[in-house]
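# Residue-level structural notes
What follows is the residue order along each chain.
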Amino acid sequence: MNQITTRWAEFADVENIAHLVNTAFRPERFFIDADRTNPDKVRTLLEKGKFLLAEEAGALVGCVYVELRGERGYFGLLAVDPTRQRTGMGSRLVEAAENHCRAAGCLFMDLTTVNLRKELPGYYRRRGYVESGTLPFPDDQHPPEMPCHLVRMSKPLN
Ligand SMILES: CC(C)(COP(=O)(O)OP(=O)(O)OC[C@H]1O[C@@H](n2cnc3c(N)ncnc32)[C@H](O)[C@@H]1OP(=O)(O)O)[C@@H](O)C(=O)NCCC(=O)NCCS
């Protein structure tokens, strides 16, 4: 395998980020029959936060969106190319997001998962996160095919 490098995204990366996220999030198609995002939505996120990118031989293979919200950090759209999953890349991106928020003075990190994704809470619990509440499914996303909500998970960044 080639070496994986990381860098912060620029606006020129929005198409590639949207493509990677939509490819990685295909497991959500059983409850949302649509792409997870598009270049315009990624551009809007880049105006209030950052995307950390993982690249292999110049190709985008992983990303995570990170936002500073006062004393709390938030990460989302964690996506690893399906051919690169289970190699530790997701863990590495989460750790980098946490380091970024900690360095910016955040005391906690938050994320949300859709309650229908049964495998995800375990993945995040093994990385120090605990369930910290629920939120309605966002109305700016494509309407889901079945009732669902978001589960918030949090971790202290000390
Ligand atoms: C969720 C997601 C980001 C995880 O990324 P990933 O790179 O596959 O995750 P990791 O490789 O860090 O960890 C996956 C598992 O593989 C194991 N693993 C890590 N390196 C490994 C290796 N070299 N060989 C075998 N297994 C390995 C890890 O121990 C981990 O298992 P654990 O949770 O029991 O500890 C990825 O599956 C993905 O993109 N999914 C689709 C999008 C999505 O659901 N995003 C999250 C929405 S909240």
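Scroll up for the structure.
Quick caveat: nothing in here was measured; it's all calculated off a predicted structure. (Residues numbered from 1 in each chain as written. Predicted model: local features only at pLDDT ≥ 70, side-chain atom pairs only at ≥ 80, totals over all residues. Heavy atoms only, no water.)

### Remarks on the overall build of the protein
- In terms of regular secondary structure, the protein is built from four helices and seven strands.
- Ordering the α and β elements of the protein from the N terminus gives β-α-α-β-β-β-α-β-α-β-β.
- In summary, the protein has a C-alpha radius of gyration of 15 Å against a globular reference of 15 Å for 158 residues, a match within 12%.
- Oriented by its inertia axes, the alpha-carbon framework of the protein measures out at about 40 × 40 × 30 Å. (Helix = DSSP H or I, 4+ residues; strand = E, 2+ residues; numbered from the N terminus. Rg over C-alpha atoms; globule rule 2.2 N^0.38 Å.)

### Focus: helix H1 (residues 14-24)
- Of all 11 residues in H1, eight are buried, a share of seventy percent or more.
- Looking at H1, one finds that the buried residues are Val14, Ile17, Ala18, Leu20, Val21, Asn22, Thr23 and Ala24. (Buried < 20%, exposed > 50% of the residue type's maximum accessible area, 1.4 Å probe, protein only.)

### Looking at the sheet that holds strand E4 (residues 72-80)
- Read across the open sheet, the seven strands follow the order E1-E2-E3-E4-E5-E7-E6; overall the sheet is mixed. The sheet is open, and its two edges are formed by strand E1 (4-8) and strand E6 (130-136), each paired on a single side. Across the sheet, the mean angle separating the axes of adjacent strands is 25 degrees when strand polarity is ignored.
- Note: E6 against strand E7 (residues 149-156), six bridges, orientation antiparallel. Bridge pairing links glutamate 131 to methionine 153 in E7.
- Across the sheet, helix H2 (residues 39-48) touches strand E2 (50-56), strand E3 (59-69) and E4, and the angle it forms with E2 is around 115 degrees. (Pairing = 2+ DSSP bridges. Axes fitted to C-alpha atoms, helices over the stretch in contact; angles between N-to-C directions. Contact = heavy atoms within 4.5 Å.)

### Structural notes on unusual backbone geometry
- One non-glycine residue, alanine 57, lies in the positive phi region at around 50 degrees.
- Locating alanine 57 in the fold gives a position in the loop between E2 and E3.
- For arginine 86, which is not glycine, the phi torsion reads 65 degrees and is therefore positive.
- Its location among the elements puts arginine 86 in the loop between E4 and helix H3 (89-103).

### Re the site of the ligand
- By nearness alone, 20 residues border the ligand, and Leu78, Arg86, Gly88, Gly90 and Ser91 come closest of all.
- Measuring from an oxygen atom of the ligand, one finds a side-chain N or O atom of glutamine 85 at 3.3 Å.
- Relative to its unbound accessible surface of 940 Å², the ligand loses 72% to contact with the protein.
- Of all elements in the fold, only E4, H3, strand E5 (108-114) and helix H4 (120-125) reach the threshold of two or more residues within the shell around the ligand.
- When the residues that make up the shell around the ligand are grouped by side-chain class, the tally is nine nonpolar, seven polar and four charged. (Near = heavy atom within 4 Å. Polar contact = N/O pair within 3.5 Å; in protein donor to acceptor, adjacent residues only side chain to side chain. Areas by Shrake-Rupley, 256 points an atom, 1.4 Å probe, with all protein chains shown as cover. Nonpolar A, V, L, I, M, F, W, Y, C, P; charged D, E, K, R; others polar.)

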